[in-house]
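# Chain and residue survey
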Amino acid sequence: MIGNQVGTLSDVVEKKSENAATLDHAMHVAGIGWYNIKYCLVLALFLIAAIIEPIGYAYILPASKCDLNITDAQRGFLASVPYIGIVLTSFPWGYLVDTRGRKKSLILSSLAAGLFVVLSAFMPDFISFTVCKFMVALCIACPAAAPYTFIGELVPLKYRDVTLSVTNAMQILGSVIVPLFAWAVLPLDFRVDFGAYDFRPWRLLTIMYGLLFIIAALLLLRGPESPKYLLSQGRYEETLDLLKMIYSKNRKKSPDEFSIKSLKIDENVQKEKLRFLTSLKVQTLPLFKPPYLKWMALNSSIFFGILATANGLYVWVPDLINRVLMGDSEGATACEIIAQRLNTTGDDFVQCDDSLDTTTFLINTVANFACAIIAIVASSTVKIIGKKTLLVAVLLIIGLFCALVNVVTQDILFVIFLSAMPVIALAIGPVNAYAVQIFPTHLRGMAVSLSMMIGRVGSIIGANIAGIMLNAACEVTFYFFGGILMFCGLLSFLLPSSKEKKTKEVVMTKL
């Protein structure tokens, strides 16, 4: 009798094991609906806040140069501060994202970033302002990278590529906020005496940019953790409960109707708590060994070129457009106009004119909005054309536009070519989608953070090179950045196939 009971219990356990589903299949059953989309939008807000912080320098620094006594050299350094902080902290933030959770890391880092941005608006001089901005920079590596991993793990596999691409396009649309807010605030004429300094419009603009971090963090408080992170930590019941909730919210049904009753256990999950250095070693060393080494090198190289241009050169775009539009040399190229203005205006800092032409705000707002629409349309076709095709096309076309800046003599063409630069951000989504495809769950956050960290080195180098070379060797500057983008476009051909069938095979073997 006892033997029969033991046998029956064994059969039940074996049957339950046979009926257990993989996480990808369970996510497919849970489906996609407003619940997934809602928190993908919240995560996109983190990305928007993270990109607005450094891009906002293009308007904050020219408007604050009189109040903070900022020279051109200091402006170039300040423009690279966000990326210096990201490079220094991408490694530890990647570790925390993979070991302490996506949700907790995002909320804490974004709250800290938002508070320091707001605090910087009340700083009286260059040094105190720089210190606050550096503290912000130490926090934004997480919201600048982790949401890509989080979003990729919050939607079913079949929707991953298009979701990441559309999210990335929304980030470009979010960049419209930068000139739009500047257009609304900077022309205002008010001055409040705080004793040590005057509170002027650029300080209000700084606060508005920083509040986005705080809003995103508060919205995520009631959100879910990544199901793949929970599973990788051995928290199977929590993972199953989360999937039931997603199913219930999306399908408008009871959680009990969820057909998946158990998940296949990942034998690779390491349940024991490792010491910090040991855990850091486990999270990192595999990325620099075969079979992941070549993909880390390739992803990092592409990110380097993308961000060197998108962040390094782009921060100077409003100033460049101002210089060219204010020039009166008909039939001259942009670099020839810039050279002539340098010879006639002398040192701008002596006169300390911190006003910005409202035409620049209008041009950049319209350009960013147009780029966002193009990005959304292009990203929505990623399922048809594939993420590799999208990536290669963006890099080659924008690289060509950079090079053509040296040739055109019509102001309108110069503005179009230079204003198209935000479209480069459309390439970030496919590269991160490849990271989600290639790397296993327990290494994914670290892989994305480290590859973007190397990309941010490109931002630092790009910002300083652009600041130095635009006046000294203008033509070389545009050929340099255009060449980098086209080279990265050619490197992208080495990435694996983006076909959905192969993506499934890769991810299923990694989980």
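As a reminder, the structure under discussion sits directly above these lines.
A few points on the structure. (Residues numbered from 1 in each chain as written. Predicted model: local features only at pLDDT ≥ 70, side-chain atom pairs only at ≥ 80, totals over all residues. Heavy atoms only, no water.)

## Section: the overall build of the protein
Rules: Counting from the N terminus, the helices are DSSP H or I runs at least four residues long and the strands are E runs at least two residues long. Only protein chains enter the accessibility calculation, which uses a 1.4 Å probe; a residue whose area is less than 20% of its type maximum is buried, one above 50% is exposed, and one in between is partly exposed. Here a residue-residue contact requires only that any non-hydrogen atoms of the pair lie within 4.5 Å. Here, Shrake-Rupley sampling with a 1.4 Å probe gives the accessible areas, and only protein chains in the shown set may cover a residue.
Secondary structure assignment for the protein yields 26 helices and two strands. Each of the 511 residues in the protein was classed as buried or not, and the buried ones make up 57%. Partitioning the contacts of the protein with sequence separation of at least 6, the portion at a separation of at least 24 is 84%. As presented, the protein carries roughly 21400 Å² of accessible surface, and 65% of it is formed by carbon and sulfur atoms.

## Thoughts on the side chain of S419
Positionally, S419 belongs in helix α22 (residues 411-419). Sequence-distant contacts of S419, that is, excluding residues within four places in its chain, are made with I321, I363, A367 and C371.

## Some words on a nonpolar patch on the surface
Short version of the rule: Only residues whose relative accessible area exceeds 30% and that form no salt bridge enter a patch; like-charged residues are grouped when within 9 Å of one another, and nonpolar side chains (Val, Leu, Ile, Met, Phe, Trp, Tyr) when within 5 Å. In what follows, salt bridge is the name for a side-chain nitrogen of Lys or Arg lying within 4 Å of a carboxyl oxygen of Asp or Glu.
A cluster of nonpolar side chains, I32, W34, I37, L41 and Y159, forms an exposed patch at the surface whose accessible area comes to about 460 Å². By secondary structure assignment, the location of W34 is in helix α3 (residues 34-55).

## A few points about the state of the cysteines
Such a bond, covalent and formed between the sulfur atoms of two cysteines, is termed a disulfide. What counts, and what does not: When two cysteine sulfur atoms are found within 2.5 Å, that pair is recorded as a disulfide.
Taken as a whole and assessed by the stated rule, the structure comprises one disulfide. Put simply, C335 and C474 are joined by a disulfide, and their sulfur atoms are 2.0 Å apart. Handedness of the C335-C474 disulfide follows from its S-S torsion of about -70°: it is left-handed. Here C335 is found in helix α17 (residues 334-345), whereas its partner C474 is found in helix α25 (residues 474-491), with 139 residues between them in sequence. Among the residues examined, C335 registers a relative accessible area of 3% and is labelled buried. The class of C474 is buried, set by a relative accessible area of 6%.

## Comments concerning unusual backbone geometry
Following P290, the chain continues to P291 via a peptide bond in cis, the omega torsion being 5°. Inspection of the secondary structure assignment puts P291 in the loop between α14 (276-284) and α15 (293-313). A positive phi angle, near 55°, is found at N69, a position not held by glycine. Topologically, N69 is positioned in the loop between α4 (57-68) and α5 (72-100). Its identity as a non-glycine residue notwithstanding, K252 has a phi of 60°, on the positive side.

## Here we look at the environment of Y314
Mapped onto the fold, Y314 is located in the loop between α15 and α16 (317-325). The exposure class of Y314 is buried, given its relative accessible area of 8%. Sequence-wise, Y314 and M421 are 107 residues apart; in three dimensions their C-alpha atoms are separated by 7.0 Å. Those residues in contact with Y314 that sit more than four places away from it in its chain are I55, T309, N364, N368, M421 and P422.

## Considerations on empty space enclosed by the protein
Stated precisely, the cut-off is as follows: A 1.4 Å probe that fits but cannot get out identifies a cavity on a 1 Å grid over protein atoms alone, an open set with protein on both sides within 12 Å along at least five of seven lines counts as a pocket, and a residue lines either if it has an atom within 4 Å of a point. Grid points are joined across faces, edges and corners, and a volume is the space filled by probe spheres set on the points. Throughout this entry, Asp, Glu, Lys and Arg are counted as charged residues, while Ala, Val, Leu, Ile, Met, Phe, Trp, Tyr, Cys and Pro are counted as nonpolar. The remaining residues, Gly among them, count as polar.
Counted by the stated rule, this structure contains three cavities of 30 Å³ or more. In this structure, the largest cavity occupies an estimated 250 Å³ of space. Forming the walls of the largest cavity are 24 residues, and the residues nearest its centre are I51, I55, Q171, N311 and A425. No other element matches α3, which puts five residues into the lining of the largest cavity. Of the residues in the lining of the largest cavity, the class split is 19 nonpolar, four polar and one charged.

## Concerning the pattern of salt bridges
In total, this model carries seven salt bridges according to the counting rule given. One salt bridge connects E53 with K133, and the closest N-O pair in it is separated by 3.2 Å. Taken together, the residues E53 in helix α3 and K133 in helix α7 (residues 126-137) connect sequence positions 80 residues apart. For K133, a relative accessible area of 4% puts it in the buried group. Across the pair R102 and D98 runs a salt bridge, and its minimum N-O distance is 3.0 Å. In terms of burial, R102 and D98 fall into one category: buried.

## Focus: the packing of aromatic side chains
Note the cut-off: When the centres of two rings from Phe, Tyr and Trp lie within 6.5 Å, Trp using its six-membered ring, the rings pair. Their planes under 30 degrees apart give stacked, over 60 give edge-to-face, and anything left gives tilted.
Under the criterion given, the structure shown has 11 aromatic pairs. For the ring pair F190 and F199, a centre distance of 6.5 Å and an interplane angle of 20° mean the geometry is stacked. Relative accessible area serves as the criterion here: at 12%, F199 is assigned to the buried category. Ring centres 5.3 Å apart and planes at 20° place the aromatic pair F194 and Y197 in the stacked group. Grouping aromatic residues by their ring pairs yields a cluster made of F122, F190, F194, Y197 and F199.

## Side note on the packing of α15 against helix α23 (residues 428-438)
The condition that has to hold: Angular values range over 0 to 180 degrees, each being the angle between N-to-C directions of two axes fitted as lines to C-alpha atoms, with helices fitted over their stretch in contact. For classification, angles of less than 35 degrees are called roughly parallel, those exceeding 145 degrees roughly antiparallel, those between 65 and 115 degrees roughly perpendicular, and all remaining angles oblique. In a left-handed crossing the near helix is turned counterclockwise from the far helix by less than a right angle, and in a right-handed crossing that turn is clockwise.
It is the contact of α15 with α23, at a shortest axis distance of 11 Å, that shows an interaxial angle of 165°. On the basis of the axis angle, α15 is roughly antiparallel to α23. The handedness of the crossing between α15 and α23 comes out as left-handed. Between α15 and α23, the contacting residues are W295, N299, I302, F303, I306 and L307 on the first element and I428, V431, N432, A435 and I438 on the second.

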